[in-house]
Amino acid sequence: MRFLQLFGYVVFMFKVLLIVSIVNAERSLAANATLRERHSEEYCAMYDICGARSDGKVVNCAFSSPSFKPDELLSAKIQSLCPTITGNVCCTEVQFETLRSQVQQAIPFLVGCPACLRNFLNLFCELTCSPNQSQFINVTSISKVGNNSTVDGIDFYITDTFGEGMFESCKDVKFGTMNTRAIEFIGAGAKNFREWYAFIGRKAPLGVPGSPYAINLSPNAPESSGMKPMNVSTYSCGDTSLGCSCGDCPSSLACSNSAPSSPNQENLCSVRVGSLKAKCVDVAVTILYIILVSAFLVWGFVHRKRGRISVSRKKPLVNVTNGGVVRQVNKQKDDDIPMQMLEDVPQISNGIQLSIVQGYMSKFYRRYGTWVARNPKLVLCSSLATVLVLCLGLIRFQVETRPEKLWVGPGSRAAEEKQYFDNHLAPFYRIEQLIIATIPGTGGKAPTIVTENNIKLLFDVQKKVDAIQANFSGKMVSLTDICMKPLGKDCATQSVLQYFKMDPANYDGFGGLEHVEYCFQHYTSADRCMSAFKAPLDPSTSLGGFSGNNYLAASAFIVTYPVNNAIDKEGNDTKRTVAWEKAFIQLAKEELLPMVLAKNLTLTFSSESSIEEELKRESTADAITILISYLVMFAYISLTLGDTPRFSSCYITSKVCFYGKPFGVFAFICEIFLGLFGRDFSNLKINFFLVECMSKNPNWNKKWIFSWCPKKWREWIYLLSLQGYFNNLSEYLRIGPPLYFVVKNYNYSSESRQTNQLCSISQCDSNSLLNEIARASLVPESSYIAKPAASWLDDFLVWISPDAFGCCRKFTNGSYCPPDDQPPCCSSSDGSCGLSTVCKDCTTCFRHLDLQNARPSTAQFRGKLPWFLSALPSSDCAKGGNGAYTNNVELKGYKDGIIQASAFRTYHTPLNKQSDFVKSMRAARDFSSKMSDSLKIEMFPYAVFYMFFEQYLNIWKTALINLAIATGAVFIVCLVITCSFWTSAIILLVMIMIVVDIMGVMAILKIQLNAVSVVNLIMSVGIAVEFCVHITHAFLVSNGDRNQRMKEALTTMGASVFSGITLTKLVGVLVLCFSKTEVFVVYYFKMYLALVLLGFLHGLVFLPVLLSMFGPPSRCILVEKQEDRPSTSSQF
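These numbers were taken from a predicted model, which means no experiment stands behind them.

Draft legend 1. Molecular detail of the overall build of the protein. For the protein, the helix and strand inventory stands at 39 helices and 27 strands. When the 1132 residues of the protein are sorted by exposure, 48% land in the buried category. A separation of at least 24 residues holds for 72% of the contacts in the protein among residues at least 6 apart in sequence. Split by element, the accessible area of the protein, about 56900 Å² in all, is 58% carbon and sulfur.

This is how it looks when you write it as structure tokens:
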């Protein structure tokens, strides 16, 4: 019985299992059928909007449904934005408007390249509205918003072909306003399409722009799912039908023919000897020099040997040099000379045959000296009166300390271009700057500056700077009164503190150091990283000492305060700014420097007026040094060159009154060119007396400097900071000076082609100015142009384009309608943006039919340009021109169809050496000249430093011309006075050798050729004459053979040259080594010391040898004295 019961139970369980298995199989088949239905054509993966996040971002509903056919109005709207989508769609009108509002933020970045824009829009159009959405979209994560299930994550299957095509079409598209690529903003600087996919698919945190749900973009769909990747065709940026510009698409075939060529790498011949590698030219010159020297030595040896043989065969009979008979006869005939012949020889004396000019000069100065000696009182009184009258000019004497006046004359090209730029556009802003850096460790590598403590220190520094109150005419001036405010009420301070809106209260709330690290990577896309003045802050402008994009390794904070400038340098606006700058420097010296040093960091600082103030200080800083130089020199002259000193006749016996050269000119030149290298960061070295201050305590520490150093020595600390500032600029600054290409008289009328000749967006000429600038930026090593230009013209044409539907808009009454995220469309009081009824009727300024080939007519251009220049940039339209281009276009007289002046801004590459500044200026001028000739449009390049380096463009030409004039003048004077080409040529040769040797010493001492050194070289010509002309003249009037004449010349004149010229100058020059100003030490002490030593060696060593071998014939002649004396013949 129990067996039967057990058997029945087993049969029952078997039936149950059979039924369950059948049911599960039916359910599985049903599920597979449903899955295939969900991922099929004409089926949506997510449809409609079911809620919004707390930050307002709407999210889609997490359920699938069949696609539906939209009404005609919605279909037309979708077609206008998404032309690839026809028929049924998978988006409601609300979904489409959300899509439209989101992509409109990216459209202004990409509309200049239609191919890129079309590919970018296709990606999001397919994602949102494609009727076959379920074939490549799979919802993977769901979240609850209220009672609704919303999408929290999806898989978006898309082919690599589409991704690569989209990236290639967009990677080079420019965003001119920021002189960078658009991919930096819409792709976080992605280097390939996968990185761009990762950025697009990232789920945005609350309050951060981006997708409200995670998107995993993958090329491969699971085989069992029945899905297939989206593969809409992509457009190439080189497609002529979609016409991207060469600047946005350098790979286009239309642009490849004019692609920039790399700088020619000359195949320089070189020779390697062991580890030494030298140029063939250097080796050839060395070999030639050795050959010439060897030939000279061989010739001298042979000549000397022949001279000895000739002397051994002769014996002088009589050699009377003073009033005697000068005669040499053959030794073999000495015994045959009769006695009476000797007695009959007439008396002969030496005479000097002067040239005509020398004769007249000798007579004139003999008479003049006689007159002076006979009228001493008249001469002294008249001389004193003349000096006093001339000194009346000191009443109006002013020391010129304005750098722009010291560097160039009023007629120079750089001065004229600066004046044009300042008058027609705006003066370049003034710069106040702080550089805080870490100290390198034992390995020479500086630790990172990006730490929590250092950022808080930077907040403390900024607080003190904000608190500066400078007194100007009884009114207090603060930073906010003078700073640049391009987009509102906040100063455009360049500092990492901008990531916290310059408010220390935001530090912890924003996330502290993690927020800084986040902003380093997303400064272009994250709203919370936007600066207080409503613009992105590039970390490379506020950090230094890092490589690549490794901002966290930066070793320096660079804080820059752009300050408004004025054309009138003597006006109140400039004076109150200077007053603030002086207070800023005082604060930095007395408070900021010890504060930073206490944290074991370094601080360097500068203001716009620092150079001018330094010039004022240096104008009197070395007065005592120069005075001591004069006194030492005069004392030496009085005690050594005169007779035995006696008080009663000291004025007569001393030689003070005869020595005024060349130090009067020397001191004058020092004043004129004092500080010519204030902006040459590699040459100005201000080390001064801080060492003196620190030497008082051998265990010195920078923290103690201000506790025990005398107050008067603290000025030297500022000077050290000024030099350190220049050094730090070279070491830390990662961006070069701004460069403007200024276009004169731009004709924007419809009849003119100049618009397409200048712009760089779609349908612009391939060889347009902006396209050529973009090409030049691809070879920065030769063009010195770092980035494509920020183009107000490109952005204006994009701004008025109907495709950028969020930018140029108008109310129904025709007035300007701002973007939806700006007042009055966006009410800040209720936080509603884009939902206000105020702007619901705004329409784009133009339709496509209103424009001619996407270009405005003359009237349209004239009417909308002021709108553009006053439009604020925002998320909905980043192309607004207010701030970025306010001062780049002159509107005066523009209604006539001509814009008199406009500028396109780019940047030079970082420039660290004098040669970099000169080469960059030359390259920019060559480029501008080439473009002006090609386009027949007048233009010129402008950068602030051009005024200071214009002289170096032709410094070699200037130096050689002036040296040629100086040496030529000396040669002509010597030729006229001596009437001897031979003598003048020898003097010329020695002078040239001295000048060439001085230039060689300059190379060894690394003294570059500049205005000061050129003046010194020219002066060295005149000074070098003294070392050689006296010896040469003494040789010329001596008697005997060359060796005898050279001995006599050295005997009579050598001591005078040594003591009266060499030692006198040496004593005066040596005092300059104690100068506080490096300009004196480098350009006067070192160069003049080299001149004295080289002049001495050439004048007293080389010249005697040269004259003894190749000297001119003697001017000494034998004069017979006719005397009456009894005949001796009667005695025989």
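Draft legend 2. Highlighting the packing of aromatic side chains. Considering all chains together, one arrives at 44 aromatic pairs under this definition. Taken together, Tyr-746, Tyr-748, Trp-792, Phe-796, Trp-799, Tyr-816, Phe-861, Trp-867, Phe-868, Tyr-885 and Phe-904 form an aromatic cluster joined through their ring pairs. For Arg-528, the ring lying beneath its charged end belongs to Phe-510, and the centroid distance is 4.6 Å. Above the ring of Phe-1035, the side-chain terminus of Arg-1045 is found at 4.0 Å from the ring centroid.

Draft legend 3. Spotlight on the state of the cysteines. Applying the stated criterion to the full structure yields 13 disulfides. The residue that forms a disulfide with Cys-116 is Cys-170, at a sulfur-sulfur distance of 1.9 Å. Judged by the sign of its S-S torsion, about 110 degrees, the cystine formed by Cys-116 and Cys-170 is right-handed. With Cys-116 in helix H5 (residues 114-129) and Cys-170 in helix H6 (residues 160-170), this pair connects stretches of sequence that are 54 residues apart. Here Cys-807 is linked by a disulfide to Cys-877, with a sulfur-sulfur distance of 2.0 Å.

Draft legend 4. Here's a closer look at the sheet that holds strand E25 (residues 898-907). Taken together, the 3 strands give an open sheet; going across it, the order is E25-E21-E26, and neighbouring strands pair in antiparallel fashion. In this open sheet, the two strands that pair with only one neighbour each are E25 and strand E26 (939-942). Sheet twist, expressed as the average angle between the axes of neighbouring strands with direction ignored, equals 20 degrees. As defined by bridge partners, strand E21 (residues 738-747) adjoins E26 across 4 bridges and the pair is classed as antiparallel. Residue pairing for E26: Tyr-740 is matched across the bridge by Tyr-942. Its contacts with the sheet put helix H31 (residues 792-799) on E21 and E25, and the angle it makes with E25 is roughly 105 degrees.

Draft legend 5. Here's a closer look at the nonpolar core. In terms of nonpolar packing, the biggest core is built from 180 residues, with Phe-156, Trp-196, Leu-769, Trp-792, Trp-799 and Leu-865 touching the most fellow members. When residues of this core are assigned to their parent elements, the largest contribution, 17 residues, is made by helix H39 (residues 1078-1110). In this structure, Trp-799 is in contact with Ala-804, Cys-807, Cys-808, Tyr-816, Lys-864, Trp-867, Phe-868, Ala-871, Cys-877, Lys-879 and Gly-880, ignoring residues within four places of it in sequence. Residues Leu-457, Cys-483, Met-595 and Leu-597 belong to the second largest nonpolar core, which totals 56 residues.

Draft legend 6. Spatial organisation of helix H37 (residues 1011-1036). The terminal C-alpha atoms of H37 lie 37 Å apart, and with 26 residues this matches the ideal 38 Å at 1.5 Å per residue to within 8%. Of all bends in H37, the biggest is about 30 degrees, found at Cys-1028. The N-capping residue of H37, defined by a side-chain oxygen 3.0 Å from the backbone nitrogen of Val-1012, is Asn-1010.

Draft legend 7. Geometry of the side chain of Thr-983. Note on placement: Thr-983 falls in helix H36 (residues 981-1004). The exposure class of Thr-983 is buried, given its relative accessible area of 3%. If we ignore the near neighbours within four places in the chain, the residues touching Thr-983 are Thr-1032, Leu-1036 and Pro-1112.

Draft legend 8. Expanded view of the pairing of strand E15 (residues 430-438). Burial of E15 is extensive: 8 of the 9 residues sit out of reach of the surface. Note: E15 against strand E19 (residues 556-563), 8 bridges, orientation antiparallel. The partner of Ile-436 across the bridge, within E19, is Phe-557. Of the strand pairs in this sheet, E15 and strand E20 (residues 601-606) are connected by 6 bridges, and their pairing is antiparallel. Considered in E20, the bridge of Gln-433 is made with Ser-606.

Draft legend 9. Structural view of the sheet that holds strand E9 (residues 214-218). Taken in spatial order, the 3 strands line up as E5-E6-E9 in an open sheet, and their pairing is mixed. The outermost strands of the open sheet, each flanked by one partner alone, are strand E5 (137-145) and E9. In this sheet, adjacent strand axes meet at a mean angle of 25 degrees when their direction is disregarded. The sheet contact formed by E5 and strand E6 (residues 148-157) spans 8 bridges and is antiparallel. Looking at E6, one finds that Ile-142 is bridged to Val-151.

Draft legend 10. Layout of the packing of helix H12 (residues 356-374) against helix H35 (residues 955-978). Between H12 and H35, the least distance of the axes is 5 Å, while the angle of their chain directions is 85 degrees. Judged on the interaxial angle alone, H35 and H12 are roughly perpendicular. On H35, the residues touching Val-357, Gln-358 and Met-361 of H12 are Val-976, Ile-977 and Thr-978. Considered class by class, the residues forming the contact of H12 with H35 number 4 nonpolar, 2 polar and no charged.

Draft legend 11. Spotlight on a nonpolar patch on the surface. On the surface, a cluster of nonpolar side chains totalling about 780 Å² of accessible area is made up of Tyr-289, Ile-290, Val-293, Phe-296, Leu-297, Trp-299, Trp-982 and Phe-1110. It is helix H10 (residues 280-312) that contributes the most residues to the nonpolar patch, 6 residues altogether. Relative to the helices and strands, Trp-299 resides in helix H10.

Draft legend 12. Focus on the packing of helix H2 (residues 72-81) against helix H3 (residues 93-103). Following both chains from N to C, one finds H2 and H3 inclined at 25 degrees, their axes separated by 11 Å at the closest point. Taken together, the axes of H2 and H3 are roughly parallel relative to one another. In terms of crossing hand, the pair formed by H2 and H3 is left-handed. Side by side, H2 and H3 meet where Leu-74, Lys-77, Ile-78 and Leu-81 of the first sit next to Glu-93, Phe-96, Glu-97, Leu-99, Arg-100 and Val-103 of the second.

Draft legend 13. Representation of the pattern of salt bridges within the structure. Overall, the coordinates contain 22 salt bridges when judged by the stated rule. Between Glu-1026 and Lys-1065 there is a salt bridge, and its shortest N-O distance comes to 3.4 Å. In this pair, Glu-1026 is assigned in helix H37 and Lys-1065 in helix H38 (residues 1042-1070), connecting sequence segments 39 residues apart. Overall, the relative accessible area of 12% leaves Glu-1026 in the buried class. Through salt bridges that share partners, Arg-413, Glu-417, Arg-925 and Glu-950 make up one connected network.

Draft legend 14. Spotlight on unusual backbone geometry. Pro-823 connects to Pro-824 through a cis peptide bond whose omega is 0 degrees. Of note in the backbone geometry, Asn-600 takes a positive phi value of approximately 60 degrees without being a glycine. On the secondary structure map, Asn-600 appears in the loop between helix H20 (572-597) and E20. Residues other than glycine seldom take positive phi values, yet Cys-979 does so here, at roughly 55 degrees. The topology assignment puts Cys-979 in the loop between H35 and H36.

The rules we used
Residues numbered from 1 in each chain as written. Predicted model: local features only at pLDDT ≥ 70, side-chain atom pairs only at ≥ 80, totals over all residues. Heavy atoms only, no water. Helix = DSSP H or I, 4+ residues; strand = E, 2+ residues; numbered from the N terminus. Buried < 20%, exposed > 50% of the residue type's maximum accessible area, 1.4 Å probe, protein only. Contact = heavy atoms within 4.5 Å. Areas by Shrake-Rupley, 256 points an atom, 1.4 Å probe, with all protein chains shown as cover. Phe/Tyr/Trp six-rings, centres within 6.5 Å; stacked < 30°, edge-to-face > 60°. Lys NZ or Arg CZ within 6 Å of the ring centre and 35° of its normal. Disulfide = S-S within 2.5 Å. Pairing = 2+ DSSP bridges. Axes fitted to C-alpha atoms, helices over the stretch in contact; angles between N-to-C directions. Core = buried A, V, L, I, M, F, W, Y, C linked by side-chain atoms within 4.5 Å. Expected span 1.5 Å × (residues − 1). Bend = angle between axes of the 7 residues up to and from the residue. Polar contact = N/O pair within 3.5 Å; in protein donor to acceptor, adjacent residues only side chain to side chain. Parallel < 35°, antiparallel > 145°, perpendicular 65-115°, else oblique. Nonpolar A, V, L, I, M, F, W, Y, C, P; charged D, E, K, R; others polar. Patch = residues over 30% accessible without salt bridge, like charges linked within 9 Å, V, L, I, M, F, W, Y side chains within 5 Å. Salt bridge = Lys/Arg side-chain N within 4 Å of Asp/Glu carboxyl O. Left-handed = near helix turned anticlockwise from the far one by under 90°.

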